[in-house]
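The residues making up each chain are set out below.
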Amino acid sequence: MSLSVKNIETFYGNSQALFGLSLDIATGSVTTLLGRNGMGKTTTVNSIIGNIRCRSGEIFFNNDKISGLPAYLVAQKGIGLVPEGRQIFPNLNVRENLIATAANYSQGKTNWTLDTVLDLFPALRERLNNMGNQLSGGEQQMLAIGRALMLNPELLILDEATEGLAPLIRKDIWQKLYDVKQTGISILLIDKNLEELSRIADYHYIIEKGTVAWQGDSDALLAAPDLKSRYLGV
Ligand code: ATP
């Protein structure tokens with residue numbers, strides 16, 4: 001797996017949101033996008049997955065150019081998204097949510113099935129016949145991650161996956177993502193919980209005004225407290 005974003009510029013109408021943003025995700029790594037609200041994290045994700053077309057620059061996945069492709073083709077190449085706000089199907093039950101869109105886009109490199117997803121999230125096994133809208137926030141998040149895994153992506157992108165969750169549940173989700181990483185899937189995380197993230201993540205990009213303001217590994221991030229006040233407002 002390799003993802004390389006090269007110098008992309010993305011606009012909403014005439015309003016420019018990304019200004020020559022570049023980043024790379026190493027195989028098997030957990031990489032984060034950090035930054036205050038409105039700095040361009042979600043726009044970066046939307047540009048990668050083909051929800052928004054970038055006006056210039058290029059994006060390569062496994063050496064194929066994916067910028068310009070529609071979102072469904074990007075998904076088929078092996079990039080899975082757990083979207084902001086989870087967006088599970090409220091009127092389908094847990095089992096149906098998991099199998100409704102399942103496929104294996106990894107050409108056999110990974111093989112997540114209903115059973116292995118339920119092994120990862122035993123809480124969902126107990127709720128198999130419950131409707132999506134009957135689940136707690138944490139269970140909905142597990143379901144959203146499980147649904148994305150059922151597409152067997154090589155790269156899993158999570159946009160604010162732990163927003164609004166209690167600290168213990170958040171911790172549980174990080175641990176599960178760490179387990180997922182061990183299966184060889186690369187992960188891109190957008191989140192604000194810096195300290196906890198630095199424990200499971202390998203590399204970080206801080207986005208400021210639509211471009212990369214800083215990049216480095218977890219040790220470098222934790223060793224530089226001024227970064228947090230300067231770019232993250234914490
Ligand atoms: P957040 O954490 O609040 O989602 P973010 O870092 O993900 O923040 P983006 O949502 O990517 O930031 O927003 C980047 C810029 O693009 C902001 O100036 C925002 O106002 C603008 N923007 C985002 N979505 C749209 C849209 N649909 N139409 C117009 N402008 C938008």
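In short, a report on the structure. (Residues numbered from 1 in each chain as written. Predicted model: local features only at pLDDT ≥ 70, side-chain atom pairs only at ≥ 80, totals over all residues. Heavy atoms only, no water.)

1. Topic: the packing of aromatic side chains
Okay, step 1: Taken as a whole and assessed by the stated rule, the structure comprises 1 aromatic pair.
Okay, step 2: Ring centres of Y203 and Y205 lie 5.4 Å apart, and the angle between their planes is 65°; this geometry places the pair in the edge-to-face category.
Okay, step 3: What makes Y203 partly exposed here is its relative accessible area of 29%.
Okay, step 4: Taking the relative accessible area as the measure of exposure, Y205 reaches 3% and is therefore buried.
Okay, step 5: Here R55 stacks its cationic end above the ring of F11, 3.7 Å away from the centre of that ring.
Okay, step 6: Directly above the aromatic system of F89 lies the positively charged group of R147, at a separation of 5.2 Å from the ring centroid. (Phe/Tyr/Trp six-rings, centres within 6.5 Å; stacked < 30°, edge-to-face > 60°. Buried < 20%, exposed > 50% of the residue type's maximum accessible area, 1.4 Å probe, protein only. Lys NZ or Arg CZ within 6 Å of the ring centre and 35° of its normal.)

2. Side note on unusual backbone geometry
Okay, step 1: In this structure, E160 is a non-glycine residue whose phi angle is positive, near 55°.
Okay, step 2: Here E160 shows up in the loop between β7 (155–159) and α7 (167–182). (Helix = DSSP H or I, 4+ residues; strand = E, 2+ residues; numbered from the N terminus.)

3. Focus on the site of the ligand
Okay, step 1: Every residue near the ligand is listed here: Y12, A17, R36, N37, G38, M39, G40, K41, T42, T43 and E160.
Okay, step 2: Contact between the ligand and Y12: a nitrogen atom at 3.5 Å from a side-chain N or O atom of the residue.
Okay, step 3: Contacts to the ligand include G38, whose backbone N or O atom sits 2.7 Å from an oxygen atom.
Okay, step 4: With the chains in place, 58% of the 630 Å² that the ligand exposes on its own is no longer accessible. (Near = heavy atom within 4 Å. Polar contact = N/O pair within 3.5 Å; in protein donor to acceptor, adjacent residues only side chain to side chain. Areas by Shrake-Rupley, 256 points an atom, 1.4 Å probe, with all protein chains shown as cover.)

4. Re the environment of V212
Okay, step 1: Note on placement: V212 falls in strand β10 (residues 211–217).
Okay, step 2: Residue V212 is classed as partly exposed on the basis of its relative accessible area of 22%.
Okay, step 3: With 71 residues separating them along the chain, V212 and Q141 place their C-alpha atoms 28 Å apart.
Okay, step 4: What V212 contacts, discounting residues up to four positions off in sequence, is L21, S22, Y205, I206 and I207. (Contact = heavy atoms within 4.5 Å.)

5. A word on empty space enclosed by the protein
Picture a little ball the size of a water molecule; that probe, rolled over the atoms, points out where space is still empty.
Okay, step 1: Applying the stated criterion across every chain, the model contains 1 cavity of 30 Å³ or more.
Okay, step 2: There is about 40 Å³ of room inside the largest cavity.
Okay, step 3: In this structure, the largest cavity is lined by S47, G50, I52, R53, C54, I66, S67, G68 and L69.
Okay, step 4: Its residues placed into classes, the lining of the largest cavity shows 4 nonpolar, 4 polar and 1 charged. (1 Å grid on protein atoms, 1.4 Å probe; cavity = no way out; pocket = protein on both sides within 12 Å on 5 of 7 lines; lining within 4 Å. Points joined across faces, edges and corners; volume = space filled by probe spheres on them. Nonpolar A, V, L, I, M, F, W, Y, C, P; charged D, E, K, R; others polar.)

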